[in-house]
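These are the residues of each chain, in order.
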Amino acid sequence: MTEPSTFATAAYGGAGWSPRRRDHAGDMGPLWSGGIDSEWKTLRTVLLRRPGPEIAAEDVDAAQQLAPLDLGRAQAEHDRMAEAYRDAGVAVLKVPEVPRPAPNRMFCADLFAMTPQGAILARPASTVRAGEEVAVAHALAAAGVPILRTLTGTATFEGADLIWIDAATCLIGRGLRTNDAAIAQITGLLAEIGLEAVAVDMPFGTMHLMGMLSVVDADLAIAWPRRTPHRAVALMRARGIDVAFLPDADEAQANRGLNVVALGPRRVLMPDGNAAMRGFYEGLGIEVVATPMFELRKAAGAVGCLTGIVARDMG
Ligand SMILES: NC(=O)NCCC[C@H](N)C(=O)O
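Calculation criteria
Residues numbered from 1 in each chain as written. Predicted model: local features only at pLDDT ≥ 70, side-chain atom pairs only at ≥ 80, totals over all residues. Heavy atoms only, no water. Helix = DSSP H or I, 4+ residues; strand = E, 2+ residues; numbered from the N terminus. Rg over C-alpha atoms; globule rule 2.2 N^0.38 Å. Buried < 20%, exposed > 50% of the residue type's maximum accessible area, 1.4 Å probe, protein only. Contact = heavy atoms within 4.5 Å. Areas by Shrake-Rupley, 256 points an atom, 1.4 Å probe, with all protein chains shown as cover. Pairing = 2+ DSSP bridges. Axes fitted to C-alpha atoms, helices over the stretch in contact; angles between N-to-C directions.

Helix and strand counts for the protein chain stand at 8 helices and 15 strands. Expected size for 315 residues packed as a compact globule is a radius of gyration near 20 Å; at 21 Å, the protein chain falls within 12% of this value. Along the longest, intermediate and shortest principal axes, the C-alpha atoms of the protein chain span 85 × 45 × 40 Å. When each of the 315 residues of the protein chain is scored for burial, the buried share is 53%. Long-range contacts, defined as pairs at least 24 residues apart, comprise 69% of the intrachain contacts of the protein chain with a sequence gap of at least 6. Surface exposure of the protein chain reaches about 14000 Å², of which carbon and sulfur atoms provide 54%.

Below, the structure written as structure tokens:
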């Protein structure tokens, strides 16, 4: 007995075949989670990694930290920050455990950058942080967040070097952590989806672009005087973004007062103990929520560095 022909059935392109018509951007929401098209629209989801015993380094400098950390205090501060996010209505995702955790893995902002259509996984620049991105890939996948790109070859990139200045344009800081190969790969990827990346050179002796610039509303960025790349300031001004320069760079240096995360337009979560910076922000009409970072900052980062941004309102 001959089988009935499969020709003209849906599986083989017959009349019942239903072709996929929506593009990947349209799948964000219905199929996939996450995405940002700004640094300041209402924050919805973050990725955090609570510090564990791995932060206790024998050689603090070799571990890329500034001073020894007390684990109990570091954990308590991290818990307070996570609580501040939850209080602000932000969902907190966690990076899973790994067998041999590296000392800086709590700095989630460095381990991926978010785009409107998914994440670009970092490829950290030092041996000390190499591989931290693997557990972050697990966390993003588990949360249903698309990973648009894993960098290849000799590219090195840390997420804190990528900052969106408008819905179609980001800056990428070229420096110690992010190299030309990564910039080429990221620029190519973003061009494919209609977005532009503008590379800016960062001064020798600096770490990330995030350390010199923070966009807190559609028309306002805070920048570090004489450290922020000229092209970055010129481009933001040309796009109608007012660039306000820090009045007190010493406080920003000591207390990481620029290391903030926008919870929404002109509303930031910042390290506590920055009276002058707080007054400066409030003078610009920015609402401030403060959280202690006195212990965690000894590892050379604060709120912005510790927070992987997974989702904000878009559009
Ligand atoms: N985005 C940041 O500024 N992250 C801080 C990372 C500090 C860490 N000790 C590092 O050297 O990578």
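What follows covers unusual backbone geometry. The bulk of non-glycine residues show a negative phi, and the bulk of peptide bonds are trans. Of note in this structure, R226 is not a glycine but carries a positive phi near 65°. Exposure remark for R226: the relative accessible area of 87% places this residue in the exposed category. Even without a glycine there, the phi angle at R266 is positive, about 50°. In this structure, R266 sits in the loop between β12 (261-264) and β13 (267-271).

To continue, consider the sheet that holds strand β1 (residues 43-48). Read across the open sheet, the 3 strands follow the order β2-β1-β15; overall the sheet is mixed. Only two strands of the sheet have a single partner each, and these edge strands are β2 (91-94) and β15 (308-312). The sheet shows a mean angle of 25° between the axes of neighbouring strands, taken without regard to direction. Where β1 lies against β15, 4 bridges are found, and the strand directions are antiparallel. Following the sheet pairing, L43 is matched in β15 by R312. Along the sheet, helix α2 (residues 71-87) makes contact with β1 and β2, crossing β1 at roughly 160°.

Pairing is mixed across the open sheet formed by 3 strands, whose spatial order is β12-β13-β14. Each of the sheet's edge strands pairs with one partner strand only, and the pair in question is β12 and β14 (287-291). With strand direction ignored, the average angle separating the axes of adjacent strands in the sheet is 30°. Taken together, the 5 bridges between β13 and β14 define a ladder with parallel strand orientation. Paired with P271 across the strands is T291, a residue of β14. The sheet contacts of α2 involve β12, β13 and β14, and relative to β13 the element is tilted by about 170°. Each of β13 and β14 is contacted by helix α7 (residues 275-283), which is oriented at about 155° to β14, the strand it contacts most.

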